[in-house]
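Overview (structure and organization)
Each chain is listed here by its residues.
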Amino acid sequence: MPLQAQTTDTTGNITLQGNNKVLLEPGYYYVFYGASAILDNAGYMQVTPTYNGTSHLDDGLYSKVGSPGVTAWGAYGLILYAPSQTSFTLTFNSDTTARSGALSLCILKLNR
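Rules used in this analysis
Residues numbered from 1 in each chain as written. Predicted model: local features only at pLDDT ≥ 70, side-chain atom pairs only at ≥ 80, totals over all residues. Heavy atoms only, no water. Helix = DSSP H or I, 4+ residues; strand = E, 2+ residues; numbered from the N terminus. Rg over C-alpha atoms; globule rule 2.2 N^0.38 Å. Buried < 20%, exposed > 50% of the residue type's maximum accessible area, 1.4 Å probe, protein only. Contact = heavy atoms within 4.5 Å. Lys, Arg positive; Asp, Glu negative; His and termini not counted. Charge placed at Lys NZ, Arg CZ, Asp CG, Glu CD.

When you go through the chain residue by residue, the secondary structure sums to 0 helices and 9 strands. Counting from the amino terminus, helix and strand elements in the chain follow one another as β-β-β-β-β-β-β-β-β. Computed over the C-alpha atoms, the radius of gyration of the chain is 15 Å, within 12% of the 13 Å expected from 2.2 N^0.38 for a compact globule of 112 residues. Based on the C-alpha atoms only, the size of the chain along its principal axes is roughly 45 × 25 × 20 Å. In the chain, buried positions account for 34% of the 112 residues. Here the contacts in the chain between residues at least 6 apart in sequence split such that 71% fall between residues at least 24 apart. Across the chain, the mean location of the 5 positive side-chain charges is 2 Å away from that of the 6 negative side-chain charges.

Right, dumping it as structure tokens:
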């Protein structure tokens, strides 16, 4: 999913790479994201994070709607441990056409 940086991390621990990947230096992070989209037909939307080289369905969003033209949405927060430098991405999937999508992503490095 395309991303835009709103605030630059001057410590260099969190860096936007291109328009769809965040590079995280080793450490612990609090990650919160929310997504929404209008589904043109009854169906589902799924947003799956990938980090530490693996997709994490257990940390993903899933929203199902029973009517056309309804907004599917969800939000999720997690604490992510990166033992080494890792890329964080979010992948959107749906069984129908989605429009007017929105994504919010907040990543904070934790001092542990």
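The rest of the description comes next.
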